[in-house]
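Given next are the chains, with one letter for each unit.
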Amino acid sequence: MRAVAAMLVLLSTVLPAETLDRVSARVGKDAITESALRRHLRMEAFFARTTPDLGAASRRKAAERLIDQVLIRRELELNRFAQPAAADVEAQIAELMKARQEDSTALGVALEHYGFTLDDLRSEILYQIMLLRFVEFRFSAGILVTDAEIEEAYQKEVVAEARQRNVPPPSAEDARAGIVKLLTYRKTTAALEQWLLQARQQVKIQVFEEAFR
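Keep in mind that what you see is a predicted model, and the values were worked out from it rather than measured.

A.B. asks: Explain the side chain of Arg-100 to me, please; I cannot follow it from the model alone.
C.D. replies: Secondary-structure assignment places Arg-100 in helix α4 (residues 86-100). For Arg-100, the residues in contact, after removing those within four places along its chain, are Phe-46, Phe-47, Arg-49, Leu-107 and Ala-110.

A.B. asks: Quick question: what am I supposed to make of the pattern of salt bridges here?
C.D. replies: When the charged atoms of two side chains lie near each other, side chains of opposite charge can form a pair. Counted by the stated rule, this structure contains 20 salt bridges. For Arg-39, the salt bridge goes to Asp-120, with nearest N and O atoms at 3.7 Å. One end of the pair, Arg-39, is in helix α2 (residues 34-48); the other, Asp-120, is in helix α6 (residues 118-138), with 81 residues separating them in the sequence. Judged by its relative accessible area of 22%, Asp-120 is partly exposed.

A.B. asks: Explain helix α3 (residues 56-78) here, please?
C.D. replies: The terminal C-alpha atoms of α3, which comprises 23 residues, lie 33 Å apart, in line with the 33 Å expected from a rise of 1.5 Å per residue. One or two positions beyond α3, positive phi appears at Arg-80, with a value near 50 degrees.

A.B. asks: How do you make sense of the sheet that holds strand β1 (residues 23-27) when you look at a structure like this?
C.D. replies: Note: strands within a sheet are paired through backbone hydrogen bonds, in either parallel or antiparallel orientation. Here we have three strands laid out as an open sheet, ordered β2-β1-β3, and antiparallel in their pairing. Only two strands of the sheet have a single partner each, and these edge strands are β2 (30-33) and β3 (205-207). Pairwise comparison of adjacent strand axes, ignoring direction, gives a mean angle of 20 degrees for this sheet. Across three bridges, β1 lies against β3 in antiparallel orientation. Within β3, the residue paired with Val-27 across the bridge is Ile-205.

A.B. asks: Where do I start with the nonpolar core in this structure?
C.D. replies: What tends to happen in soluble globular proteins is that the nonpolar side chains get buried as a cluster. In terms of nonpolar packing, the biggest core is built from 25 residues, with Val-27, Ile-32, Leu-37, Leu-71, Ile-72, Phe-134 and Trp-195 touching the most fellow members. Only β1, α2, α3, α6 and α8 (172-201) provide two or more residues apiece to this core. Top element by residues in this core is α3. It accounts for eight residues. Ignoring sequence-local partners within four residues, the contact set of Leu-37 consists of Ser-24, Ile-32, Arg-59, Ala-62, Ala-63, Leu-66 and Phe-212. Core analysis: the next-biggest nonpolar cluster, separate from the first, contains 15 residues, Met-43, Met-97, Leu-107 and Phe-116 among them.

A.B. asks: Help me understand the side chain of Glu-34 in this model?
C.D. replies: Among the secondary structure elements, Glu-34 is positioned in helix α2. Classification of Glu-34 as buried rests on a relative accessible area of 5%. Of the polar contacts made by the side chain of Glu-34, one reaches the side chain of Arg-59; its length is 3.2 Å.

A.B. asks: I keep staring at the packing of helix α7 (residues 147-165) against α8 and nothing clicks. Help me out?
C.D. replies: Helix packing geometry: the angle between the two helix axes and the distance between the axes. Interhelical geometry of α7 versus α8 gives an angle of 105 degrees and a closest axis separation of 9 Å. Relative to α8, α7 is oriented roughly perpendicular. Residue-level inspection shows Asp-147, Glu-149, Ile-150, Ala-153, Tyr-154, Glu-157 and Val-158 of α7 in contact with α8, the latter providing Ala-172, Ala-175, Arg-176, Ile-179, Val-180, Leu-182, Leu-183, Arg-186 and Lys-187. Of the residues belonging to the contact of α7 with α8, the class tally is ten nonpolar, no polar and six charged.

A.B. asks: How should unusual backbone geometry be read in this particular structure?
C.D. replies: Peptide bonds are, in most cases, trans, and in most cases residues other than glycine have a negative phi. At Arg-49, a residue that is not glycine, the phi angle is positive and equals roughly 60 degrees. Tracing the sequence through the fold places Arg-49 in the loop between α2 and α3. Despite not being glycine, Arg-80 shows a phi value in the positive range, around 50 degrees. Tracing the backbone shows Arg-80 in the loop between α3 and α4.

The rules behind the values
Residues numbered from 1 in each chain as written. Predicted model: local features only at pLDDT ≥ 70, side-chain atom pairs only at ≥ 80, totals over all residues. Heavy atoms only, no water. Helix = DSSP H or I, 4+ residues; strand = E, 2+ residues; numbered from the N terminus. Contact = heavy atoms within 4.5 Å. Salt bridge = Lys/Arg side-chain N within 4 Å of Asp/Glu carboxyl O. Buried < 20%, exposed > 50% of the residue type's maximum accessible area, 1.4 Å probe, protein only. Expected span 1.5 Å × (residues − 1). Pairing = 2+ DSSP bridges. Axes fitted to C-alpha atoms, helices over the stretch in contact; angles between N-to-C directions. Core = buried A, V, L, I, M, F, W, Y, C linked by side-chain atoms within 4.5 Å. Polar contact = N/O pair within 3.5 Å; in protein donor to acceptor, adjacent residues only side chain to side chain. Parallel < 35°, antiparallel > 145°, perpendicular 65-115°, else oblique. Nonpolar A, V, L, I, M, F, W, Y, C, P; charged D, E, K, R; others polar.

The structure is reproduced here in structure tokens:
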């Protein structure tokens, strides 16, 4: 009898935890859990310095982002992308503190408020650096921006915006570098999105909609 009672107590503590951390999506054999979605949203809120939105709609969108992350992490592992040096990660943390006007103590307090440690932040920044390098290596390197595209963007966006604001537009030469950067970003993003679309078609992806109700 005591053994049965002990088992019931054990189940009463285990089952709620399993329910809270249920699988929300699968990418092949990789599971995306409820806790992973909430962690992702809390980390986003930390960087944005906002209150985490853990509602069903936000968690559903987060699931799509984490599906993309799984696909990208697989590609990084497959191609054996080298991890950034620790110094690169620490440099990014220093830049973050500077932008937030926080010292290490204040940063630690902010992280704790969102349920994170400094090592959690290091892991997140390490991934962000690897993602940026992956995108630059895989997509940005081969992108070309033509003079015709620059001129079109200058007229349709720079000049048009200046007219709306009733201010003189910058010269085409002064605006050129910014336009090239913008168009490169757009083309890189489009190439990444196309790659993700193709990657999604090559693996079985399941999203369990009941997890978002």
